[in-house]
Amino acid sequence: MSAAESWPRYRWGGGGEAVLRARAEAAGYRRLLRARAAEVEALRGAVGALHRQLEGLRDRRSGELAKYQERVAELEREIGEAEAEMARCLREYPALLRLRMALEAEIAAYREMLEGEELRLGCLAPP
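What about the overall build of the chain?
Then, in step 1: When helices and strands are tallied, the chain shows 2 helices and 0 strands.
Then, in step 2: When each of the 127 residues of the chain is scored for burial, the buried share is 3%.
Then, in step 3: A total of about 11600 Å² of accessible surface is found on the chain, and carbon and sulfur atoms cover 62% of it.

If you want it as structure tokens, here you go:
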């Protein structure tokens, strides 16, 4: 046995059983450390995939948002046009109402004249 190998026996006594236990414990910790490192790498991959997915969702949402904003602007423009048309109709309504009333009065006058003529012709016509 070399001096390096016999030194732990001399130092701690008892044939190095404590050293073997320490080595076994260290080997267990190394295995645990490798397992944890593999888990960390797997989680980093998952985080990267999630970040890419999030960016895709953001890009898609951004496109949809722009499309909806464009549609809202179009609808607001159409509402403005409809309001302008309604205001124009409301301005024209009194004039059209006056015209209707004048036409109804004229029709009533012509009806009266026609009924009068019918009565006159009916009286003149031989029985």
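Side note on the packing of aromatic side chains
Then, in step 1: Counted under the stated rule, the structure contains 0 aromatic pairs.
Then, in step 2: Here the basic side chain of Lys67 rests over the ring of Tyr68, its NZ or CZ set 5.5 Å away from the ring centre.

Overview of the pattern of salt bridges
Then, in step 1: Tallying each qualifying case throughout the model produces 9 salt bridges.
Then, in step 2: For the salt bridge of Arg71 with Glu74, the shortest nitrogen-to-oxygen distance reads 2.8 Å. Taken together, the residues span about one helical turn, with Arg71 and Glu74 both in helix H2 (residues 17-124) at a distance of 3 residues.
Then, in step 3: Exposure remark for Arg71: the relative accessible area of 39% places this residue in the partly exposed category.
Then, in step 4: Each of Glu85, Arg88 and Glu92 takes part in salt bridges that share partners, so that together they form one network.

Some remarks on a nonpolar patch on the surface
Then, in step 1: A cluster of nonpolar side chains, namely Leu96, Leu99, Leu103 and Ile107, defines an oily patch on the protein surface of about 380 Å² accessible area.
Then, in step 2: Tracing the backbone shows Leu96 in helix H2.

Conventions used here
What you see as residue numbers is a count from 1 along each chain, following the sequence as written. Owing to the predicted nature of the model, reporting of local features is limited to residues with pLDDT of at least 70; listing and counting of side-chain atom pairs is limited to 80 or more, with chain, interface and lining totals taken over all residues. Heavy atoms throughout the structure, all of them, feed into the side-chain values; hydrogens and water do not. Here a strand is any run of E in DSSP of at least two residues, a helix any run of H or I of at least four, and the numbering for each starts at the N terminus. A 1.4 Å probe rolled over the protein chains alone gives each residue an accessible area, and that area as a share of the maximum for its type sets the label: buried under 20%, exposed over 50%, partly exposed in between. Shrake-Rupley sampling with a 1.4 Å probe provides the accessible areas, and residues are treated as covered by the protein chains on show and by no other component. Here the aromatic set is Phe, Tyr and Trp, taking the six-membered ring for Trp, and pairing holds for ring centres within 6.5 Å; pairs whose planes are under 30 degrees apart are stacked, those over 60 apart are edge-to-face, and all others are tilted. Each ring is checked for a lysine NZ or an arginine CZ that lies within 6 Å of its centre and within 35 degrees of its normal; such an atom marks a charge sitting over the ring. The rule for a salt bridge is simple: a side-chain nitrogen of Lys or Arg has to be within 4 Å of a carboxyl oxygen of Asp or Glu. Residues with no salt bridge and a relative accessible area higher than 30% make up the patches, which join like charges within 9 Å and nonpolar side chains (Val, Leu, Ile, Met, Phe, Trp, Tyr) within 5 Å.

As far as function goes, none of this settles anything; it's purely spatial.
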